[in-house]
Amino acid sequence: MKIKIITDSTADIPKNIVESYGIEVVPLNVRFGETEFKDGVDIQADEFYEKLVSSSELPKTSQPSVGDFLTVYEKYASQGFDIVSIHLTGKLSGTMNSALQAKKQMKTKSEIHILDTQKASMGLGLIVLEAAKMVADGKNTKDVVNLVENTMKKSEVFILLHTLEYLEKGGRIGKAQALLGGLLSLKPLLILENGVVETLGKARTFKKGVLKLRETVNTMAPVAKLSVLYTTTPDFAKEFAQTLTEDLNLKEKPIVAQCGPVIGTYIGPGIIAVALLKA
């Protein structure tokens, strides 16, 4: 049986890697005023961050529709594919719900597995890539689903923000709410834990925050896979990736990836983040 790996645009997997594995990406939506864009299709990350900084209002985001998923699922089921659909945390988005509703409307002999990773960005993306590699190696559907479920337990995401402003305005601040109240000038270090944003620490300067992020990542050793994420500072992300490669003696080069428009709506410009899979 052929298997198709499907994810959503919050996975932030670089397009060249998506294409090399034949992964299908269902885009979420981001709206500035009355104009709506499909994440990574109608608007790319650099253009988005220019709009974000210059806009007086925070953009709005929304999950793919049930119809969006139905179109994709029917396309591959009709070609005889089993479907493994892997997505961001259902606690921060309705994307999982749209996928599940689409599955209910399907009439097919193909297996359709929809998995909530409780992660986002490359915390999700690294899981998707492990699944895609297993498909490329000819594994069966059950093995791929089991791998995803096991890999989710090894995934960690750490985010150093310049400000909590975007998370607060976007309503995705979760348990990091405790950092508010005159502390917006601090540089918060957050973790995506059990599908929600939680506080890991804070620093008075971004430089000190980077040191804290580095120390935190190093406590995760041994690390099997790693990605460094940025919104508007690619050169710094590349330098940080090299630093972590040396710290952790990584065998594989980290994936340096830019957070797309939907994730960027809530974390803002200037961030640095690390997603990893523990060995």
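Preceding block: the structure.
Residues numbered from 1 in each chain as written. Predicted model: local features only at pLDDT ≥ 70, side-chain atom pairs only at ≥ 80, totals over all residues. Heavy atoms only, no water.

What to know about the packing of helix 5 (residues 121–136) against helix 6 (residues 141–152)
Put simply, the rule reads: In this description, a line fitted to the C-alpha atoms serves as the axis of each element, helices being fitted only across the stretch in contact, and the angle between N-to-C directions of two axes falls anywhere from 0 to 180 degrees. Helix numbers and strand numbers start at the N terminus; a helix is a DSSP run of H or I with at least 4 residues, a strand a run of E with at least 2. For classification, angles of less than 35 degrees are called roughly parallel, those exceeding 145 degrees roughly antiparallel, those between 65 and 115 degrees roughly perpendicular, and all remaining angles oblique. What makes a crossing left-handed is the near helix being turned counterclockwise from the far one by less than a right angle; a clockwise turn instead makes it right-handed. Note on contacts: a residue pair is in contact if any heavy atoms of the two residues lie within 4.5 Å.
In the contact formed by helix 5 and helix 6, the axes pass within 9 Å of each other and the chain directions differ by 155°. Accordingly, the angle class assigned to the pair helix 5 and helix 6 is roughly antiparallel. For the pair helix 5 and helix 6, the sense of crossing is right-handed. In contact with Ile127, Glu130, Ala131, Met134 and Val135 of helix 5, helix 6 contributes Asp143, Val144, Leu147, Val148, Thr151 and Met152.

Structural notes on the nonpolar core
Selection rule: Here, nonpolar core refers to any group of buried Ala, Val, Leu, Ile, Met, Phe, Trp, Tyr and Cys residues whose side-chain atoms link them within 4.5 Å. Using a 1.4 Å probe on the protein chains alone, a residue whose accessible area is under 20% of its type maximum counts as buried, one over 50% counts as exposed, and one in between counts as partly exposed.
Counting 53 residues, the largest nonpolar core has Ile5, Ile13, Val84, Ile86 and Met122 as the members making the most contacts within it. No other element matches helix 5, which puts 9 residues into this core. Ignoring anything within four residues of it in the chain, the contact list for Met122 reads Ala11, Asp12, Ile13, Pro14, Leu129, Ser227, Leu229, Ile255, Ala257 and Ala275. Counting 22 residues, the second largest nonpolar core, distinct from the first, contains Leu160, Val223, Phe240 and Leu276.

Focus: the pattern of salt bridges
The line we're drawing: For this analysis, a salt bridge means a side-chain nitrogen from Lys or Arg found within 4 Å of a carboxyl oxygen belonging to Asp or Glu.
Taken as a whole and judged by the stated rule, the model has 7 salt bridges. Glu36 is the partner of Arg31 in a salt bridge, and the nearest nitrogen-oxygen pair spans 4.0 Å. On the basis of relative accessibility, which here comes to 32%, the residue Arg31 falls in the partly exposed class. A salt bridge links Lys225 to Glu130; the shortest N-O distance between them is 3.9 Å. You can see Lys225 sitting in strand 11 (residues 223–230) and its partner Glu130 sitting in helix 5, a full 95 residues away along the chain. On the basis of relative accessible area, Lys225 is assigned to the buried category, the value being 16%. Several salt bridges converge on common partners, so that one network encompasses Glu130, Lys133, Lys225 and Glu252.

Notes on the packing of aromatic side chains
Going by this rule: Between rings of Phe, Tyr and Trp, where Trp is taken as its six-membered ring, a pair exists when centres lie within 6.5 Å; planes separated by under 30 degrees are stacked, by over 60 edge-to-face, and by other angles tilted. By definition here, charges over rings are those cases where NZ of Lys or CZ of Arg is within 6 Å of the ring centre and within 35 degrees of the ring normal.
For the structure on display, the rule yields 6 aromatic pairs. With a centroid separation of 6.5 Å and an interplanar angle of 75°, the aromatic rings of Phe32 and Phe37 are classed as edge-to-face. Judged by relative accessible area, which is 14%, Phe32 ranks as buried. Exposure remark for Phe37: the relative accessible area of 12% places this residue in the buried category. With a centroid separation of 5.6 Å and 90° between ring planes, the pair formed by Tyr76 and Phe81 is classed as edge-to-face. Each member of the pair Tyr76 and Phe81 is classed as buried. Taken together, the ring pairs in this structure connect Phe32, Phe37, Phe48 and Tyr49 into an aromatic cluster. Sitting above the plane of the Phe32 ring, Lys51 keeps its charged end 5.9 Å from the centroid.

Observations concerning the sheet that holds strand 5 (residues 60–62)
Defined as follows: For two strands to be treated as a pair, DSSP must find at least two bridges joining them.
Across the sheet, 3 strands lie side by side as 4-3-5; this open sheet has antiparallel pairing. At either end of the open sheet lies a strand with only one pairing partner, and these are strand 4 (35–38) and strand 5. Across the sheet, the mean angle from the axis of one strand to that of its neighbour is 25°, orientation sign disregarded. Summarising the sheet, strand 3 (residues 29–32) and strand 5 pair through 3 bridges and their orientation is antiparallel. Bridge pairing links Val30 to Thr61 in strand 5.

Thoughts on the sheet that holds strand 7 (residues 112–116)
On the basis of which strands lie adjacent, the open sheet formed by 4 strands has the order 2-1-6-7 and parallel pairing. Looking at the sheet topology across the chains shown, the edges are occupied by strand 2 (24–26) and strand 7. Ignoring which end each strand starts from, the neighbouring axes of this sheet average 20° apart. Pairing of strand 1 (residues 2–8) with strand 6 (residues 81–87) involves 5 bridges; the strand directions are parallel. When the sheet's bridge partners are listed, Ile3 is paired in strand 6 with Asp82. Of the strands in this sheet, strand 1, strand 6 and strand 7 touch helix 6, which is tilted by about 5° from strand 7.

A word on the side chain of Ser227
Relative to the helices and strands, Ser227 is located in strand 11. Accessibility expressed as a relative area gives 0% for Ser227, which makes it buried. Contact partners of Ser227, with chain neighbours within four places excluded, come to Met122, Leu126, Ile255, Ala257, Ala273, Val274 and Ala275.

Observations regarding the packing of helix 8 (residues 206–218) against helix 9 (residues 234–248)
How we decide: Residues were grouped as follows: Ala, Val, Leu, Ile, Met, Phe, Trp, Tyr, Cys and Pro as nonpolar; Asp, Glu, Lys and Arg as charged; and all remaining residues, including Gly, as polar.
Between helix 8 and helix 9, whose axes approach to 11 Å, the crossing angle comes to 40°. Here helix 8 and helix 9 pass one another in a crossing that is right-handed. Packed against helix 8, whose contacting residues are Val210, Leu213, Arg214, Val217 and Asn218, the element helix 9 presents Phe236, Phe240, Thr243, Leu244, Asp247 and Leu248 at the interface. Residues of the contact of helix 8 with helix 9, tallied by class, amount to 7 nonpolar, 2 polar and 2 charged.

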